[in-house]
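# Structural features, examined
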Amino acid sequence: MSALSFESLCLKDDDCLSPTPPQDSEEDCESDGKFFQLWLEAMSTADVYVQACQLVGVVPVSHFIQNLHSPTMTLTHHGLGPLGCKALAIALVSDMHINTLELGDNHIQAEGAKYLVEMLRANFTIQHLDISNNHLKSAGAEFVAKMLLDNISLKSLKLSGNKFTDDDAKYFTDTLSTNSKIKELDLSHNEFCGKGGEHLGQLLANNEGLELLDLSWNHLRMKGAVAFCAGLKVNMMLQHLDLSWNGFGNEGALAMGEALKFNNTLVYLSLNNNRLTNEGVSMLCRGLEFNDTLRVLLLAYNSLTVEGALSLVNVVKNTPKTALEEIDICNVLVNENFVRLLELTCQEHPALDVVYGGVGGFIAKKPPKRVDPMKVIQDYLDQRKLRLWDFFRNIDKDGTMRVPVADFRKAVQQSSIPLDRYQIEELIQRLDRDRTGMVDYRGLADTRKQMMRDHRRQLKKVESRQKKEKQKSDRILKTFQSAVEAVTPRSSMVISPGGAKEDSSGPQPFSATPLSSWHHIVMSTSSRYSVSNLSNEHVHLPTLGGATHYRPTSSPAMRSYSQPNLLVDSPRSAPGKSVCAQGIRSDPEMGHRKLSPTANSLTRSRPALNAKQPEGKVKTKKVKKKKPKKLADKGSKHPAQTVK
């Protein structure tokens, strides 16, 4: 394919046909001059388009010529192909009327995308572009990404169904990290998986303009969901998000709940068809308890029952500051308890609208566990402190621990053992397996040991299952936190939901801490504490005994501190007014105190190496050295004997 330049899209002036307006237009020129001018410009664009079609060898699309006066040009399903797209791009280079161009399902491929990119370098009128379902693939994704680097007019871009893969997501991440003009982006029906979710999470963390994002019908799954939600946690612009049909599962719901605790801009969230269960909804509700901006939540066609529906309504009822107005669980059948709870909740939140499947659902109850009759007898004997032989000695006078079935049944029925007729028959069948008519109740003697073994085995199963679930949740949260640290830009702030607690002094503000300000404290050989920063700057804190004042570096780059409230924010700050890294003034007395590593909780355990210890008498234990015995004395008392 030959290289395409801007000149290749433009036609020479002598090749263009000069438009000749009809005679009727000349007569009415004075009254309809404005309409004539619009018609003249339209004819000029039409002539350019027709001539471009002749040059590239395609048939002109009449719909384009007929609707040149409209600001929206819809050419979906017209079979343009790459050459037809080239002719269209030539005509639109100088067009000043069309601001919405829809070219979905035209099989323009990467070559056609290249022509559109060249056209958009000169055309600054088009603001909305739809090139969905055009088989762009990786080559087309690269062309579109290059176009977004330079274009400043596009506000909406639809790229659905173009077979983009994980590697292609990186193109959009790198481009949209600097382009803040795009407000709406549609990447649905593509092939983004776990790695693509990581790139898209990075996109959300760095982009400062995107307000609508559609990622439905991709393959993010658990890994991609966790990485994507990490970027959503620190995003401060996105309002509309569609993640339906991505197979999030309960693990993705857990990550989304963590993101909703901190995100304060999202208004619309769609999680339809994401394999969520009641457990996943309960994890999602943990984030909804802290969120006060989300209005629309779509959870249709997930594996929810009445329990999940009750959890959603309860979180709205118990969260006064919630903004939820619409919840869609249209496939869930609810019960009367849900309807009554919803009515009570709507009294406190009149704007709430919950779409459910109807009344007729039920809460699945586990069947009552069948009581083992042998355990019932053993418990009965333990409560009365009886032995098994004491109970049956009236009918077993020989002590053989074998009694007839009729006598055994009669003895059990006449006793106060809480067994019904069916349990007694079951017990007889177990003690008389061979149908001999004699019950061997020696099997009851081993009931206690068997029960203890079964009980321990059951406890181990429960503990093992709970341990695995806990480890899985911890692993997901750890991965989520690592992803947050990886995608968070240095200038972003994380607001802790725990800062909303109120005390006797009044409501406390949310605590905001720059992520880049928390680094490991390194002990240097110069007996000062230095804070390692990403920009390789080191801010040294004074030692215990020194009186050296803090001297900020002259670099305008961001500086990170191990403890923001120890250092002043600016060299011009008054010495009596200390300012923390968040810009909040602290106690004025802090300005007169000597700053030391031991004044903070993070560095309290390790004092400076050259810190002067308080003088005082130190008691030391004197260790008496044992004197070695002299061999001479020993030799004098016991003279050595000579052997001849």
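Since the model is a prediction, treat every value here as computed from it, not as a measurement.

### Structural notes on the overall build of the protein chain
Check the secondary structure of the protein chain and you find 20 helices and 20 strands. Per-residue burial over the protein chain gives 42% buried out of 644 residues. Sequence separation of at least 24 residues holds for 75% of the intrachain contacts in the protein chain that already meet a minimum separation of 6. Total accessible area computed for the protein chain in this model is approximately 37900 Å², and 52% of it derives from carbon and sulfur atoms.

### Describing the nonpolar core
Counting residues in each nonpolar core, the largest one holds 109 residues, and the members touching the most others are Phe-64, Leu-159, Leu-243, Met-256 and Leu-269. In this structure, Val-376, Phe-392, Val-405 and Tyr-441 belong to the second largest nonpolar core, which totals 19 residues.

### Digging into helix H18 (residues 421–431)
Listed in full, the buried residues belonging to H18 are Gln-423, Ile-424, Leu-427, Ile-428 and Leu-431. The arc that holds every buried residue of H18, seen down its axis, measures 140 degrees, which confines them to one face. Every exposed residue of H18 that faces more than 90 degrees away from the buried side is listed here: Arg-421 and Tyr-422. Contacts from the buried residues of H18 go to helix H15 (373–384), helix H17 (405–414) and strand E13 (438–440).

### Let's talk about helix H5 (residues 81–92)
A rise of 1.5 Å per residue sets the reference length of H5, with its 12 residues, at 16 Å; its end C-alpha atoms lie 16 Å apart and thus fit the reference within 8%. Burial of H5 is extensive: 10 of the 12 residues sit out of reach of the surface. All of the buried residues along H5 are Gly-81, Pro-82, Gly-84, Cys-85, Ala-87, Leu-88, Ala-89, Ile-90, Ala-91 and Leu-92.

### Description of the pairing of strand E11 (residues 353–359)
Here strand E10 (residues 326–334) pairs with E11 via six bridges, running parallel. Bridging from a neighbouring strand, Glu-326 pairs with Asp-353 of E11.

### Regarding the packing of helix H7 (residues 137–150) against helix H8 (residues 166–176)
Any two packed helices are characterised by the angle at which their axes cross and by the distance between the axes. At a minimum axis distance of 9 Å, the contact between H7 and H8 shows a crossing angle of 0 degrees. Classed by the angle they form, the pair H7 and H8 counts as roughly parallel. Only Asp-168, Tyr-171, Phe-172, Thr-175 and Leu-176 of H8 make contact with H7, whose side of the interface consists of Lys-137, Ser-138, Ala-141, Glu-142, Val-144, Ala-145, Leu-148 and Leu-149. When grouped by side-chain class, the residues that make up the contact of H7 with H8 number eight nonpolar, two polar and three charged.

### Remarks on the pattern of salt bridges
Here the structure, examined in full by the defined rule, presents seven salt bridges. Between Glu-198 and Lys-195 there is a salt bridge whose closest N-O contact spans 3.4 Å. Remark: Lys-195 and Glu-198 occur in helix H9 (residues 194–206); sequence separation between them is three residues, near one turn of the helix. By relative accessible area, which is 28% here, Glu-198 ends up partly exposed.

### Focus on the confidence of the model for the protein chain
The predicted coordinates of low-pLDDT regions are not to be read in fine detail. Scored by pLDDT, the protein chain comes out at a mean of 74, with 66% of its residues at no less than 70. Contacts from residues 490–496, a stretch scored under 50 in pLDDT, to residues over four places away or in other chains number 22 contacts. Every residue in residues 498–620 scores below 50 in pLDDT, and together they form 163 contacts with partners more than four places removed in sequence or on other chains.

### Overview of the packing of aromatic side chains
In total, this model carries four aromatic pairs according to the counting rule given. With centroids separated by 4.7 Å and ring planes inclined at 55 degrees, the aromatic side chains of Tyr-49 and Phe-64 adopt a geometry described as tilted. Taken together, the positions of Tyr-49 in helix H3 (residues 33–56) and Phe-64 in helix H4 (residues 62–66) put the pair 15 residues apart, joining distant regions of the chain. On the basis of an interplanar angle of 80 degrees and a centroid distance of 5.5 Å, the ring pair of Phe-338 and Tyr-356 is categorised as edge-to-face. With Phe-338 in helix H14 (residues 336–348) and Tyr-356 in strand E11, this pair connects stretches of sequence that are 18 residues apart. By relative accessible area, which is 28% here, Tyr-356 ends up partly exposed. In this structure, Lys-233 packs its charged tip against the face of Phe-262, placed 4.1 Å from the ring centre. Between the NZ or CZ atom of Arg-421 and the centre of the ring of Tyr-422, over which it lies, the distance is 4.8 Å.

### Here's the deal with the pairing of E10
Direction of pairing for strand E9 (residues 296–298) relative to E10: parallel, over a ladder of three bridges. Opposite Leu-297, over in E10, you have Ile-327 as the bridge partner. Between E9 and its parallel partner E10, the chain crosses via helix H13 (residues 306–317), and the hand of that crossover is right-handed.

### Quick look at the environment of Leu-148
Here Leu-148 lies in helix H7. Counting along the chain gives 32 residues from Leu-148 to Ser-180, while the straight-line C-alpha distance between them is 9.9 Å. Excluding its chain neighbours within four sequence positions, the residues that come into contact with Leu-148 are Leu-154, Leu-157, Thr-175, Leu-176, Asn-179 and Ile-182.

### Let's talk about the sheet that holds strand E8 (residues 268–270)
An order of E1-E2-E3-E4-E5-E6-E7-E8-E9-E10-E11 is seen for the 11 strands of this open sheet, with the pairing classed as parallel. Because the sheet does not close on itself, it has two edges, and the strands there are strand E1 (72–74) and E11. Within this sheet the neighbouring strands show an average axis-to-axis angle of 5 degrees, counted without direction. Pairing of strand E2 (residues 100–102) with strand E3 (residues 128–130), which is carried by three bridges, proceeds in the parallel orientation. Bridge assignment links Leu-101 to a residue of E3, and that residue is Leu-129.

### A few points about the packing of H8 against H9
Close contact between H8 and H9 brings their axes to 8 Å; oriented N to C, the two are set at 5 degrees. What the angle tells us is that H8 and H9 run roughly parallel. Between H8 and H9, the residues in contact are Asp-166, Ala-169, Lys-170, Phe-172, Thr-173 and Leu-176 and Gly-194, Lys-195, Gly-196, His-199, Leu-200, Gln-202 and Leu-203, respectively. Across the contact of H8 with H9, the residue classes tally to five nonpolar, five polar and three charged.

### Examining unusual backbone geometry
The phi dihedral of His-77 is positive, around 60 degrees, even though this residue is not glycine. In this structure, His-77 sits in the loop between E1 and H5. Even without being a glycine, Arg-435 presents a positive backbone phi close to 60 degrees. If you trace the backbone, Arg-435 turns up in the loop between H18 and E13. The exposure class assigned to Arg-435 is exposed, which follows from its relative accessible area of 64%.

### Side note on the environment of Leu-342
Relative to the helices and strands, Leu-342 is located in helix H14. Owing to a relative accessible area of 11%, Leu-342 belongs among the buried residues under this scheme. Not counting residues within four places of it along the chain, the set of residues in contact with Leu-342 comprises Val-313, Leu-352, Val-354 and Tyr-356.

Rules and cut-offs
- Residues numbered from 1 in each chain as written.
- Predicted model: local features only at pLDDT ≥ 70, side-chain atom pairs only at ≥ 80, totals over all residues.
- Heavy atoms only, no water.
- Helix = DSSP H or I, 4+ residues; strand = E, 2+ residues; numbered from the N terminus.
- Buried < 20%, exposed > 50% of the residue type's maximum accessible area, 1.4 Å probe, protein only.
- Contact = heavy atoms within 4.5 Å.
- Areas by Shrake-Rupley, 256 points an atom, 1.4 Å probe, with all protein chains shown as cover.
- Core = buried A, V, L, I, M, F, W, Y, C linked by side-chain atoms within 4.5 Å.
- Arc of directions from axis to C-beta.
- Expected span 1.5 Å × (residues − 1).
- Pairing = 2+ DSSP bridges.
- Axes fitted to C-alpha atoms, helices over the stretch in contact; angles between N-to-C directions.
- Parallel < 35°, antiparallel > 145°, perpendicular 65-115°, else oblique.
- Nonpolar A, V, L, I, M, F, W, Y, C, P; charged D, E, K, R; others polar.
- Salt bridge = Lys/Arg side-chain N within 4 Å of Asp/Glu carboxyl O.
- pLDDT = per-residue confidence, 0-100.
- Phe/Tyr/Trp six-rings, centres within 6.5 Å; stacked < 30°, edge-to-face > 60°.
- Lys NZ or Arg CZ within 6 Å of the ring centre and 35° of its normal.
- Right-handed = clockwise from strand over helix to strand, strands pointing away.

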